[in-house]
Every structure is written in structure tokens, then in C-alpha cells.
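Chain by chain, the residues run as shown.
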Amino acid sequence: MTSDAIKQFVEDARAVSVEETAKVMKLTFKRSGVEHPQPCPNCGGTDTFAFNTSKNKWNCRAGGIGGNDGIGMAAHCHDLDVRTRKGLLEACEIVLGRSMPDEAERESEEERAARLERLEQRRLQNEADAAARADTQADYREKERNKARGIYRPLDDLRTSRLKHGRLYLGRRCAGYPDATWLRVGADVTYWHGQDERGGPVALYSGPAMVAPFIGPDLDLIGCHITWIDLDRPPKYRPIFYGLTTEGAKAGLVPWVFGDPAASAEDLSDGLYELLPSKKMRGSKKGGLIPIAGHPDEQRWVGGEGIENGVAFGEWEGWRADTFYFAAGDLGNLAGPAEASSRFAHPALKKLDAKGVLRPAMVQGPVPKRDQDADDAMWVGDQVDELVLLADGDSERVMTAAAMARARARHARSGRLIPIVWPQTGCDFSKMAAEAEAGT
Ligand SMILES: [Zn+2]
């Protein structure tokens with residue numbers, strides 16, 4: 001081998017980007033974004049290793065090493081020492097996906113030009129693909145946001161609307177409703193479910209619903225949260241919807257239509273029909289929150305998962321003027337993702353695994369995932385110095401406790417108090433409020 005051929009070989013490898021190398025090495029790409037975290041092929045761990053396709057950088061926290069070239073990344077992942085000639089050349093082989101040239105196989109000037117042209121074409125194609133992906137995602141997000149705005153904006157304030165459903169619903173569930181303009185109510189909000197033969201969405205139901213906005217840190221509406229109301233159906237005062245499952249359709253059953261008799265317990269347990277949620281979200285909720293009462297500029301915030309708990313608690317403490325009441329929409333958006341290593345076995349609950357063996361159910365742990373994005377959980381104003389988190393006593397206790405601890409850790413700031421308030425065991429604030437109201 002001549003030293004010229006080797007120099008050329010190494011030069012070629014140096015020209016390969018981190019993204020190209022990641023593809024050659026078949027590393028994992030997230031579906032969107034430029035940062036791609038994963039276990040380190042060399043050191044293991046969970047999200048210890050990541051490469052960034054926009055910055056052309058890679059980094060391994062476990063190995064305490066990183067850089068901005070494909071060779072270094074390949075070397076770390078394959079545990080090669082690039083300070084030795086052998087290690088360097090092996091890393092170059094990985095990056096280029098071909099073995100070292102010997103004199104006989106040395107490529108001609110034309111072959112080299114053709115290969116560089118291929119590399120350049122591939123790079124341009126990758127750029128175009130990535131841009132197209134980002135465009136479709138942004139388009140989809142914007143369309144969904146516009147739909148959410150289209151649902152929310154034309155509706156009346158729940159507090160003053162001629163339609164009493166919203167006030168009666170919250171009155172029965174939470175013993176009152178806020179004197180605020182965030183929550184709205186509509187007489188004919190459509191419940192879409194499934195597709196017709198031509199692939200269009202099917203309106204399963206249309207009726208009264210409470211509609212809340214999801215807002216981002218700039219108070220822009222990014223989505224909406226819909227709760228359909230049926231005042232004749234205690235204790236939750238929400239309609240019941242059933243959907244035909246894929247299994248049910250295969251078995252030749254017809255879609256359930258609102259007004260049809262309830263699906264039988266047998267059909268439900270056989271998975272032919274399913275109970276559908278009577279709450280839905282449109283647009284994005286990620287990183288956003290549902291305002292209930294007061295203004296996000298306040299220094300004291302109170303809220304939990306659901307709107308009902310927030311309203312019941314606000315009602316109970318008399319809607320303090322210095323407080324912003326909110327809901328996160330769900331526990332995931334309240335607490336954010338967990339660090340995988342903090343997962344733990346439930347002390348009592350067991351689950352059948354794939355082999356039919358009974359094993360402890362695993363619970364998402366109390367430690368927030370490292371290197372989270374800002375919108376991995378709801379936002380909290382920087383000025384907030386008291387964040388009262390309302391736990392949902394209806395949900396499984398251990399899982400909820402771990403999530404509340406995670407929420408507290410995630411939203412912790414110096415000088416900020418984050419008390420967690422629990423309702424009576426097996427109860428939630430809205431149930432307690434409703435029972436107090438009914439005198440039970
Ligand atoms: Zn590593």
C-alpha cells in the first residue's frame with residue numbers, strides 16, 4: 001500500500017458527515033428533529049449517546065467523549081483507538097463502508113470523481129428529504145391548530161352562555177364553576193370517530209360540550225380540549241360512546257351509532273366494540289396547558305391532570321385572586337417523561353408477560369428524563385413561586401405518586417415551593433366537592 005493511497009483513504013473518510021456515518025452504521029434516527037439520542041453502542045445506557053445531524057456533532061455522556069466527525073464517532077462506537085494507525089484505518093473502513101485500498105485496487109481518478117459525485121448527490125437528497133419531512137410535520141401541526149381554533153373561537157363563554165350545560169356539568173361534578181372566560185361551551189360539538197368507505201371522517205355524535213383551550217407560553221392557542229356533556233348520566237355526566245374495532249369489523253359487525261343500545265359486555269370483552277373516551281383533544285397539547293381561572297402572570301399556580309379537579313379545588317379554596325388555576329390535560333403532560341433507569345417494580349400489582357408469566361408491573365419512576373425538550377411537559381411561568389400540584393386520588397396510587405414526584409422535580413426552581421395535595425384515598429377533589437355539595 002502506498003502512503004498516498006492511505007492518505008486519500010483517510011481524507012475520503014474525513015469528508016463523511018456524522019449523519020452519513022450514522023446511516024452507514026445503522027444508528028437510530030428519531031422520526032423528527034435533529035438530535036438523535038440512543039443507547040451507546042459501546043458503553044450501553046439508555047440515552048447516553050446522541051448525534052446531531054444539524055450541528056454535525058456526536059456525544060457520549062457515558063464515555064465522556066464527543067466530536068464533530070464520522071471517524072471519531074465510528075471509532076468510539078466500535079471501541080477503536082484512532083491514535084493508532086490500525087484503529088484509525090479501521091474507523092475509516094467503517095465510515096466509508098469499504099476496506100482499505102491496496103495498490104491493485106486503488107481507484108482511478110474517474111472512479112474517485114464518480115464516487116464523490118454519488119456522495120454529494122446522496123447528501124443533497126438527504127437534505128431535501130429532511131426538509132420535506134419538516135414541512136409535512138409543520139403543515140400537519142398548523143392544520144390541526146387551525147381546526148382547534150375553529151372549534152374553540154366561535155363558542156360562548158361557559159360562565160355567561162345561554163346554554164347552561166357547562167355550568168350545570170361543573171356544578172354537579174365540582175360544586176361550582178369559575179368566574180373566568182377561558183372555558184367555553186357549545187351546543188353542537190361534533191364527535192368524529194372512524195372513517196367511511198371513502199376514507200372520510202364519520203360524525204358519531206354532535207351535542208353539548210365544554211371546550212377549553214390549550215395555550216403555549218406566549219398564550220397562543222395551540223389546541224383545544226373537549227368534554228362532551230350528558231346531564232342525565234350521573235355520576236360523571238358524560239355521554240357514553242362505543243366504537244367498532246378492527247376485530248369487530250372483521251367479524252362482520254356494523255358500526256355503533258349514537259342512540260343504538262349499549263354494546264354488550266361480551267362484545268366489549270371480546271374486543272369487537274370498544275368504549276370510546278368522552279373527552280378529546282385537537283391540535284397539540286405538548287408543552288401547553290389548559291387555563292381554568294386567573295392569569296398565567298400570577299405567582300401562585302394550582303392544578304393537576306384534569307379540569308374537574310382544578311375547578312373543584314378552586315371552588316374549595318374560594319378562587320383566590322392571586323392564583324392561576326390550570327389543568328395539564330394528562331399526567332404525562334404534567335410530569336414529563338421519566339429517566340428509564342428510575343423505572344421500578346410495583347410493590348403489589350402484577351401483570352402477565354409475553355410468556356404468560358406473572359411479573360410485577362413496572363412503573364415510570366420519579367426521576368425526570370435527562371436532556372428533556374422544553375415541550376416534553378407543560379410550561380410553568382418563570383415568575384411562579386408556589387406551584388400547588390393536585391394529585392388524582394382515583395388513579396392508581398403508586399403510579400400517581402411517582403408521577404407527582406417527577407412533576408415536582410421537573411418543575412423545581414430555586415425559591416419555588418411545590419406542595420403536592422392529595423384528596424381522600426380513592427377519591428378525587430371533584431368527587432369530594434360533589435359529595436360535600438350533596439351533603440353526603
Ligand atoms: Zn459511549
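Residues numbered from 1 in each chain as written. Predicted model: local features only at pLDDT ≥ 70, side-chain atom pairs only at ≥ 80, totals over all residues. Heavy atoms only, no water.

### Here we look at the coordination of the zinc ion
Alright, step 1. Every protein donor of the zinc ion is accounted for by C40 (SG), C43 (SG), C60 (SG) and H76 (NE2), and the metal-donor separations fall at 2.1 to 2.3 Å.
Alright, step 2. Around the zinc ion, the four donor atoms are arranged such that angles at the metal cover 106 to 115°; this shape is classified as tetrahedral.
Alright, step 3. Binding-site remark: the zinc ion is held by donors from one chain whose sequence spacing is C-x2-C-x16-C-x15-H. In this pair, C43 is assigned in the loop between β1 (35-40) and β2 (44-52) and H76 in helix α3 (residues 70-77), connecting sequence segments 33 residues apart.
Alright, step 4. On the basis of relative accessibility, which here comes to 36%, the residue C43 falls in the partly exposed class. (Donors = N, O, S within 2.8 Å, 3.2 Å for Na, K, Ca; no water. Tetrahedral: all angles 85-135°; square planar, octahedral: opposite > 155°, others 65-115°. Helix = DSSP H or I, 4+ residues; strand = E, 2+ residues; numbered from the N terminus. Buried < 20%, exposed > 50% of the residue type's maximum accessible area, 1.4 Å probe, protein only.)

### What to know about the packing of aromatic side chains
Note on aromatic pairs: each is described by the distance of the centres and the angle between the planes.
Alright, step 1. Overall, the coordinates contain 16 aromatic pairs when judged by the stated rule.
Alright, step 2. Judged by centre distance (6.3 Å) and plane angle (35°), the rings of F49 and W58 are tilted.
Alright, step 3. Measuring from ring centre to ring centre gives 6.1 Å for W256 and F258, while their planes differ by 90°; the resulting arrangement is edge-to-face.
Alright, step 4. Given a relative accessible area of 8%, W256 falls into the buried group.
Alright, step 5. K23 extends its terminal NZ or CZ atom over the ring of F29, reaching a point 6.0 Å from the ring centre.
Alright, step 6. Note that R184 overlies the ring of Y152, its terminal NZ or CZ placed 4.2 Å from the centroid. (Phe/Tyr/Trp six-rings, centres within 6.5 Å; stacked < 30°, edge-to-face > 60°. Lys NZ or Arg CZ within 6 Å of the ring centre and 35° of its normal.)

### Describing the sheet that holds strand β13 (residues 300-304)
The strands making up a sheet associate through hydrogen bonds between their backbones, and the pairing can be parallel or antiparallel.
Alright, step 1. Pairing is mixed across the open sheet formed by five strands, whose spatial order is β12-β14-β13-β17-β18. Only two strands of the sheet have a single neighbouring strand rather than two, namely β12 (290-293) and β18 (420-421).
Alright, step 2. Of the pairings in the sheet, the one linking β13 to strand β14 (residues 323-327) comprises five bridges and is parallel in character. When the sheet's bridge partners are listed, G304 is paired in β14 with A327.
Alright, step 3. The strands that helix α9 (residues 307-316) touches are β12, β13, β14, β17 (386-390) and β18; relative to β12, the one it contacts most, it runs at about 25°. (Pairing = 2+ DSSP bridges. Contact = heavy atoms within 4.5 Å. Axes fitted to C-alpha atoms, helices over the stretch in contact; angles between N-to-C directions.)

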